[in-house]
Amino acid sequence: MTARPPIAGMLIALTMVLVILGPILTVMIWAFAEQWRYPNLLPTDWGLKFWYQMLGRETVITPILTSLAITSISTTLVAVICWPAAYAFARLSFPGRQLLLFSFLAINAVPKFTLFVAIATVFLQIGLIGTFWGVVIVQMLSAMLFMIWIPTAAFRGIPPALEEAAFDLGASRLRVFLQVTMPQALPALAASYVLGFVTILLRWNRPCWLARPRSRRCRFCCCSFPRSLSSSRRPSCA
Amino acid sequence: MLRLTDVGKSFGGAQAVAAASFSVVEGELVCLLGPSGCGKSTLLRMIAGLTEPDTGVIEIAGQDVTTLPANRRPTAMVFQSHALWNHMTVERNVSFGLRVRGLPRTEIADRVAAALDLVGLSRFGSRRPAELSGGQAQRVALARCLVVQPKVLLMDEPFSALDAHLRANLREELKALQRRLTLTVIFVTHDQEEAMELADRIVVMDSGRIEQIGRPNELYLEPQSLTVARFIGQTNICETTIAGGRADWFGARLLTQCADGPATILSRPEDLVPASNGAPARVDRVTDLGPMLRLHLTTDDGGQLVWLCPRSSAPQTGSRVSLVPGRLQVYRNGERIGTAEAARPSTAHARTLA
């Protein structure tokens, strides 16, 4: 039997590329198209006109920067808190370990609104309502699930002997963690960071419920920019 | 060089190691031998400092290290899984212990080169561990330990994941290296052949207890307990009773100095010899081992015997033989109480022969 070229496989691959990259490609083209009308396959006018229009508005650029700042700070803080915690979940055995690990799922199991009412009560008492750090703390909750569960699984997958070998050769616990454990877990840690970042960036509705009624984050302006869209999804506090 | 005194460890009520005491002199290779779960690895980890003992004292080179963590003990351990770090090159793996100690860069380079040369992997410095074979990886793991010049080198079943041929080669290499560098080595294994070949002395462990400590030939020729006898080499076991200095061995008569009472008599398969007054038996099965043949026999009173016999004098399957043991060990309640020997042919019989 002679080997045939895997035509079926190539067809499937091609379809996948079209389905996945097609829409993204359209968006990319639209971003730089100034005029693109029907029968033309490609835009007739290219340019950055809409970029200037969009970024030229004070109501757009500030929310974007605020959004990115809040998201970066929240995600990094979550990583600093959750990665060592994940390491503890993976390596140490202490009473209530499983329960505690599952409690991070619980954040996503209960209706958010009840959770935020409770948080708002606490925030009111300690004066965090309407502050930058109030938003950061609330946003951190969104990313906790990824930042605990993915790194815990990653740390569990690292054979303890790898760490013991380094410790045995004279390295301190911190050095073992930084030079042996972290590099081994790096792909998973990076994935959890990206997922956490994206989750926080997209969870725009949480802070508006309680933390900063006047805040303008990126997603609000995206919704309100084309007026036609804002009528269907009214950003109540933007 | 290394002394353990009453070192013990329990895990949640289960005794893993019970009051282990022994010492190792400089340049000695000692094997911890025992079935899996006997506590030998736990004992090794306690010497390394990776597991904290509940009781006892561990001294290395005269210094009490019992409470020191692993990173401050003058030991280095080779793991069964080689435990190389895949994100570093072979060179970085080997230099890790020296970098931790903050040595100058030139000295690190020299010592890493020397260590890799010692294990015959000079040209592999820039490789990644994933690109090495199992034997090479274990050699790198050994170099990684040797480079820090540990007072005691610990090895936890380092060759058990490798195939038999490679294992034999590495054993020889290790033994030669150990002699040349006069390394003090504690080597954990469950393979009695490996222990017999490598060790200057063997510590036999079972269910957390040390059964016997001795040179390989001592353990083989005079095992102090049934457990050791069964674990090291093959044995023929005969449950019998001693009365008036005599005992019955599958129909043959034995003479012994041991006190009267029930006894277990052990003999090695190669120690059986044909004799006119021996235990009558029939050959059930013959296995060809190459230099020797292994014969499985059933005695007339239903006992099972294994006989290792030279190719030239081997009987056929189904034929009848009469055997006595040339060398015997007598046990009571699992402990060795003495020896016995086969009775000479009776005087009447001897006279007729004359």
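What you see is a predicted model; the values in this text were computed from it and never measured. (Residues numbered from 1 in each chain as written. Chains lettered and ligands numbered in written order. Predicted model: local features only at pLDDT ≥ 70, side-chain atom pairs only at ≥ 80, totals over all residues. Heavy atoms only, no water.)

A.B. asks: Quick question: what am I supposed to make of empty space enclosed by the protein here?
C.D. replies: With a probe scaled to a water molecule rolled over the atoms, the places where space remains empty come into view. Residues and elements named next belong to chain B. Evaluated as defined, the whole model comprises one cavity of 30 Å³ or more. In this model, the largest cavity occupies a volume close to 90 Å³. Along its surface, the largest cavity is lined by Tyr220, Leu221, Pro223, Ala229, Thr235, Leu266, Ser267, Arg268, Asp271, Arg327, Leu328 and Gln329. At the level of secondary structure, the elements contributing two or more residues to the lining of the largest cavity comprise helix 7 (216–221) and strand 14 (261–267). Partitioned by chemical class, the residues of the lining of the largest cavity number six nonpolar, three polar and three charged. Composition of the lining of the largest cavity by domain shows at least three residues from each of domain 1 (2–230) and domain 2 (234–353). (1 Å grid on protein atoms, 1.4 Å probe; cavity = no way out; pocket = protein on both sides within 12 Å on 5 of 7 lines; lining within 4 Å. Points joined across faces, edges and corners; volume = space filled by probe spheres on them. Helix = DSSP H or I, 4+ residues; strand = E, 2+ residues; numbered from the N terminus. Nonpolar A, V, L, I, M, F, W, Y, C, P; charged D, E, K, R; others polar. Domains from an automatic or database assignment.)

A.B. asks: Whenever I open this one, the domain arrangement of chain B confuses me. Can you help?
C.D. replies: Residue and element names in this part refer to chain B. With domains assigned, chain B is organised as domain 1 (2–230) and domain 2 (234–353). Each partner contributes residues to the interface: domain 1 has ten residues there, and domain 2 has twelve residues. Counting the surface lost from both domain 1 and domain 2, the interface buries some 1,100 Å², and carbon and sulfur atoms represent 47% of this. Linking domain 1 with domain 2 are one salt bridge, by the criterion used here. Between arginine 336 and glutamate 222 there is a salt bridge, with the nearest N and O atoms lying 3.9 Å from each other. (Contact = heavy atoms within 4.5 Å. Buried area = accessible area lost by both parts, 1.4 Å probe. Salt bridge = Lys/Arg side-chain N within 4 Å of Asp/Glu carboxyl O.)

A.B. asks: How should the interface of chain A and chain B be read in this particular structure?
C.D. replies: Taken residue by residue, the interface counts 16 residues in chain A and 25 residues in chain B. Both faces combined, the contact of chain A with chain B buries some 1,700 Å², and carbon together with sulfur accounts for 61% of it. Three residues stand out in chain A for area buried against chain B, namely Phe167, Asp168 and Leu169 of chain A, and they jointly supply 39% of the buried area on that side. In this structure, the salt-bridge partner of glutamate 164 of chain A is arginine 45 of chain B, at a minimum N-O distance of 2.7 Å. When contributions to the side of chain A that touches chain B are tallied by element, the ones reaching two or more residues are helix 7 (160–168) and helix 8 (173–202) of chain A. Looking at which element gives the most residues to the side of chain A that touches chain B, the answer is helix 7 of chain A, with seven residues. Along the lines of polarity and charge, the residues of the side of chain A that touches chain B split into nine nonpolar, four polar and three charged.

A.B. asks: What should I look at first to understand a nonpolar patch on the surface in this one?
C.D. replies: The grouping of Ile12, Met16, Val17, Val19, Ile20, Leu21, Ile24 and Met28 of chain A at the surface amounts to a nonpolar patch, some 790 Å² of accessible area in total. You can see methionine 16 of chain A is positioned in helix 1 (residues 7–32). (Patch = residues over 30% accessible without salt bridge, like charges linked within 9 Å, V, L, I, M, F, W, Y side chains within 5 Å. Areas by Shrake-Rupley, 256 points an atom, 1.4 Å probe, with all protein chains shown as cover.)

A.B. asks: Help me understand the nonpolar core in this model?
C.D. replies: As a rule of thumb, soluble globular proteins bury nonpolar side chains together. The biggest cluster of nonpolar side chains holds 114 residues, and the ones touching the most others in it are Leu2, Leu43, Trp85, Val94, Leu142, Leu153 and Phe187 of chain B. A total of nine residues in this core trace back to one element, the largest contributor, which is helix 6 (residues 132–156) of chain A. Within the second largest apolar cluster, 26 residues are counted, among which are Trp307, Cys309, Val324 and Ala340 of chain B. (Core = buried A, V, L, I, M, F, W, Y, C linked by side-chain atoms within 4.5 Å. Buried < 20%, exposed > 50% of the residue type's maximum accessible area, 1.4 Å probe, protein only.)

A.B. asks: Would you explain the packing of helix 5 (residues 112–126) of chain A against helix 6 of chain A in this entry?
C.D. replies: Think of two packed helices as two axes; the pair is described by the angle between the axes and how far apart they sit. Residues and elements named next belong to chain A. It is at 12 Å that the axes of helix 5 and helix 6 come closest, and there the two elements cross at 150°. Regarding the angle of helix 5 to helix 6, the classification is roughly antiparallel. Crossing geometry of helix 5 relative to helix 6 is assigned as right-handed. Contact with helix 5, carried on its side by Phe116, Ile119 and Phe123, involves Gly134, Ile137, Val138 and Leu141 of helix 6 and no other residues of that element. Of the residues contributing to the contact of helix 5 with helix 6, the split by class is six nonpolar, one polar and no charged. (Axes fitted to C-alpha atoms, helices over the stretch in contact; angles between N-to-C directions. Parallel < 35°, antiparallel > 145°, perpendicular 65-115°, else oblique. Left-handed = near helix turned anticlockwise from the far one by under 90°.)

A.B. asks: So what exactly am I meant to see when it comes to the sheet that holds strand 5 (residues 63–64) of chain B here?
C.D. replies: Strand pairs in the sheet, formed through backbone hydrogen bonds, run parallel or antiparallel to each other. All names here are of chain B. The four strands lie next to each other as 2-1-4-5, forming an open sheet whose pairing is antiparallel. The open sheet has two free edges, formed respectively by strand 2 (14–24) and strand 5, since each of these has just one partner strand. Summarising the sheet, strand 1 (residues 2–11) and strand 2 pair through seven bridges and their orientation is antiparallel. Within strand 2, the residue paired with arginine 3 across the bridge is serine 23. The sheet contacts of helix 1 (residues 40–48) involve strand 1, strand 2 and strand 4 (55–60), and relative to strand 1 the element is tilted by about 120°. (Pairing = 2+ DSSP bridges.)

A.B. asks: How should the pattern of salt bridges be read in this particular structure?
C.D. replies: Following the criterion strictly, the structure yields 17 salt bridges over all chains and no others. Taking the shortest distance from any N to any O, the salt bridge between arginine 91 of chain A and glutamate 163 of chain A comes out at 2.9 Å. Residue arginine 91 of chain A is found in helix 3 (residues 58–91), and its partner glutamate 163 of chain A is found in helix 7; the two are separated by 72 residues along the sequence. Judged by its relative accessible area of 9%, glutamate 163 of chain A is buried. In this structure, arginine 201 of chain B engages glutamate 28 of chain B in a salt bridge whose closest nitrogen and oxygen atoms are separated by 2.6 Å. Of this pair, arginine 201 of chain B sits in strand 9 (residues 201–206) while glutamate 28 of chain B sits in the loop between strand 2 and strand 3 (29–33); the two residues are 173 residues apart in sequence, bridging distant segments of the chain. Taken together, the shared-partner salt bridges in this structure form one network comprising Arg171, Glu194 and Glu197 of chain B.

A.B. asks: For this particular structure, what's the right way to read helix 5 of chain A?
C.D. replies: Quick reminder: α-helices carry 3.6 residues per turn. Residues three or four places apart thus point the same way. Residues and elements named next belong to chain A. Taking 1.5 Å as the rise per residue, helix 5 with 15 residues should run 21 Å; its terminal C-alpha atoms sit 21 Å apart, in good agreement. All buried positions along helix 5 are accounted for by Phe116, Ile119, Ala120 and Phe123. Seen along its axis, helix 5 keeps its buried residues to an arc of 110°; they face one direction. Note on helix 5: the residue one or two positions beyond its end, glycine 127, has a positive phi of about 75°. (Expected span 1.5 Å × (residues − 1). Arc of directions from axis to C-beta.)

A.B. asks: Explain the pairing of strand 19 (residues 329–332) of chain B here, please?
C.D. replies: Within a regular beta strand, the side chains point alternately toward one face of the sheet and then the other, so they alternate between its two faces. Residue and element names in this part refer to chain B. Side chains of strand 19 alternate between two faces, with Gln329 and Tyr331 and Val330 and Arg332 buried alike. Bridge count between strand 14 and strand 19: three bridges; the pairing is antiparallel. From the neighbouring strand, leucine 266 faces strand 19, where its bridge partner is glutamine 329. Of the pairings in the sheet, the one linking strand 19 to strand 20 (residues 335–338) comprises three bridges and is antiparallel in character. Note that in strand 20 the partner of tyrosine 331 across the bridge is arginine 336.

A.B. asks: Help me out: how do you make sense of the pairing of strand 4 of chain B in this one?
C.D. replies: All names here are of chain B. Sheet topology places strand 1 next to strand 4; five bridges connect them, and they run antiparallel. Opposite threonine 5, over in strand 4, you have valine 57 as the bridge partner. Relative to strand 5, strand 4 is paired through two bridges, and the arrangement is antiparallel. In the strand pairing of strand 5, isoleucine 60 is matched with glutamine 63. In this structure, the hairpin formed by strand 4 and strand 5 is closed by a connection of two residues, where alanine 61 is found at a positive phi of approximately 50°.

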